[in-house]
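One letter stands for each residue in the lines below.
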Amino acid sequence: MICLVAGMILETKAQQYYGQGGQQPRPSRTFFVPHWNTRIQLGIAHDVGEGDFLQQMSPAFQITLGYKFNELFGIRGGLSGLWARNHYVVNNEKEKYQWNFIQPSVDAVFDLTTIFDGSAPERVLNVYAFAGIGLAYSFNNDDAVNAWRLYGKYGYFDKIWKDTRLNPAIRAGLGIDY
């Protein structure tokens, strides 16, 4: 009885491997090779402030160097920044100010497409999620400092920063690899 069951299992496996036509199929398994990658991105940064949504947007860039450990998980370090824009309202007048920033960061990257659809090296598009931390170094805040000199005596700009500033940054989001 045991030999009969073992024979049936072997026959099923042989049919799966050799197919019905008796021809040996090409190997369908490709092996993942851990690798380094680089990426240059251009995008839009947004700050919360007193301006309209579109007025708070400014251009940004990011350059990253990453390492993909396996089909699902990688890590990357990056440098992003350019300038940020915000607005203030004094006496019903809306004025804009901007400053420069640069943000080094480290992210964990998870390949969502592979998690839900399996590995397929020929796939053209991959959706990924990332989460990480960074440190935003802000400088060149002259516009806001000048506004503070004009309106600070009236109680505006209590929390204005001068010179430079370091802020922690929490990063999370979705991306598409093409």
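Note that the structure is a prediction, hence the values are computed from the model and not measured.

1. Section: helix H3 (residues 142-151)
Point 1. Along H3, the positions that sit buried rather than exposed are Ala144, Val145 and Ala147. Down the axis of H3, the buried side of the element spans an arc of 160°, and every buried residue falls inside it. Away from its buried face, by an angle of more than 90 degrees, H3 presents the exposed residues Arg149 and Leu150.
Point 2. The elements touched by buried residues of H3 are strand S3 (73-90) and strand S4 (93-111).

2. Quick look at unusual backbone geometry
Point 1. Although it is not a glycine, leucine 82 adopts a positive phi angle of roughly 155°.
Point 2. Tracing the backbone through its elements, the reader meets leucine 82 in strand S3.
Point 3. For leucine 82, a relative accessible area of 35% gives the class partly exposed.
Point 4. Positioned with a positive phi, asparagine 140 is a non-glycine residue whose angle comes to about 60°.
Point 5. As for its position among the elements, asparagine 140 is in the loop between strand S5 (126-139) and H3.
Point 6. Relative accessible area serves as the criterion here: at 40%, asparagine 140 is assigned to the partly exposed category.

3. Things to note about the pattern of salt bridges
Point 1. All chains considered together, the criterion is met by five salt bridges.
Point 2. Here arginine 39 ties to aspartate 177 by a salt bridge, and the two come within 2.6 Å at their closest N and O atoms. Linking arginine 39 in strand S1 (residues 35-46) with aspartate 177 in strand S6 (residues 165-177), this pair joins segments that are 138 residues apart in sequence.
Point 3. The partner of arginine 171 in a salt bridge is aspartate 107, and the shortest N-O contact between them spans 2.9 Å. Of this pair, arginine 171 sits in strand S6 while aspartate 107 sits in strand S4, placing them 64 residues apart in sequence. As far as burial versus exposure is concerned, arginine 171 and aspartate 107 are alike and both buried.
Point 4. Residues participating in the shared-partner salt-bridge network are Arg76, Asp107 and Arg171.

4. Concerning the nonpolar core
Point 1. Core analysis: the largest hydrophobic core is formed by 13 residues, its most contacted members being Tyr88, Tyr97, Trp99 and Phe157.
Point 2. Of all the elements in the fold, those that place two or more residues in this core are S3, S4 and H3.
Point 3. For phenylalanine 157, the residues in contact, after removing those within four places along its chain, are Tyr88, Val90, Ala147, Trp148 and Tyr151.

The rules we used
- Residues numbered from 1 in each chain as written.
- Predicted model: local features only at pLDDT ≥ 70, side-chain atom pairs only at ≥ 80, totals over all residues.
- Heavy atoms only, no water.
- Buried < 20%, exposed > 50% of the residue type's maximum accessible area, 1.4 Å probe, protein only.
- Helix = DSSP H or I, 4+ residues; strand = E, 2+ residues; numbered from the N terminus.
- Arc of directions from axis to C-beta.
- Contact = heavy atoms within 4.5 Å.
- Salt bridge = Lys/Arg side-chain N within 4 Å of Asp/Glu carboxyl O.
- Core = buried A, V, L, I, M, F, W, Y, C linked by side-chain atoms within 4.5 Å.

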